[in-house]
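Topology and contacts: notes
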Amino acid sequence: MVYNSIMYNAQEYYQKNKERIREVGKRWREKNRDKINAKQKEWRLKNKEHYRGVMRIASKKWRKENPDKVRANRYVTRDKLRMDVLNAYGHRCQCCGETQKEFLAIDHINGGGNEHKRSLGLKSAQAFYTWLRTNNYPKENFQILCHNCNMAKGFYGKCPHKS
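Residues numbered from 1 in each chain as written. Predicted model: local features only at pLDDT ≥ 70, side-chain atom pairs only at ≥ 80, totals over all residues. Heavy atoms only, no water.

Before going further, it helps to spend a moment on the packing of aromatic side chains. This model, assessed by the stated rule, comprises six aromatic pairs. With a centroid separation of 6.2 Å and 85° between ring planes, the pair formed by Y89 and Y137 is classed as edge-to-face. Of this pair, Y89 sits in the loop between α4 (67-88) and β1 (104-108) while Y137 is found in the loop between α6 (125-134) and β2 (142-146), placing the two residues 48 residues apart along the sequence. There is no split in this pair, since Y89 and Y137 are both buried. The rings of F128, Y129, W131 and F142 are connected pair by pair, giving a single aromatic cluster. Across the ring face of Y51, the terminal group of R44 is positioned such that the distance to the ring centre comes to 5.6 Å. Looking at K139, its charged tip hangs above the ring of Y89, at a distance of 4.9 Å from the centre. (Phe/Tyr/Trp six-rings, centres within 6.5 Å; stacked < 30°, edge-to-face > 60°. Helix = DSSP H or I, 4+ residues; strand = E, 2+ residues; numbered from the N terminus. Buried < 20%, exposed > 50% of the residue type's maximum accessible area, 1.4 Å probe, protein only. Lys NZ or Arg CZ within 6 Å of the ring centre and 35° of its normal.)

Written as structure tokens, this is what we have:
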């Protein structure tokens, strides 16, 4: 019976002081943000598989509920990755000097681009750009060419600018 009385008093106290209790908690969390983050990170590392499973489910649900945001984010992410790749390789056609980003492409210097992408299992330009970033933008086999120079190199073996 004492327990019920204590519980009732605690609930009553909480109801009367709800705002003050919340404010004290909020100040404590702000003051101890680093400690809280460290503890959460430690828990996530200890419970990696569980955390991944929970996040996978939550992400899938969020993507289903927010298709417009997912699509917009995909375009932003793709464009940022492409710009990172172009900047890493000089953002300029190595043949004619074109700098308009819409006209630029990554070229395999020694040819064999399709075979290389197939051997890596890459099916999109974004996957190829990701591979380049993951491999620290290797310079020895890749260069930037504009689409005209790239197509001429593919069809005729060299670009007309090099003649």
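Where burial is concerned, most of β2 is hidden: five out of the five residues are buried. In β2, alternate side chains face the same way, and those of F142, I144 and C146 on one face and Q143 and L145 on the other are all buried. Here β1 pairs with β2 via five bridges, running antiparallel. Opposite A105, over in β2, you have L145 as the bridge partner. (Pairing = 2+ DSSP bridges.)

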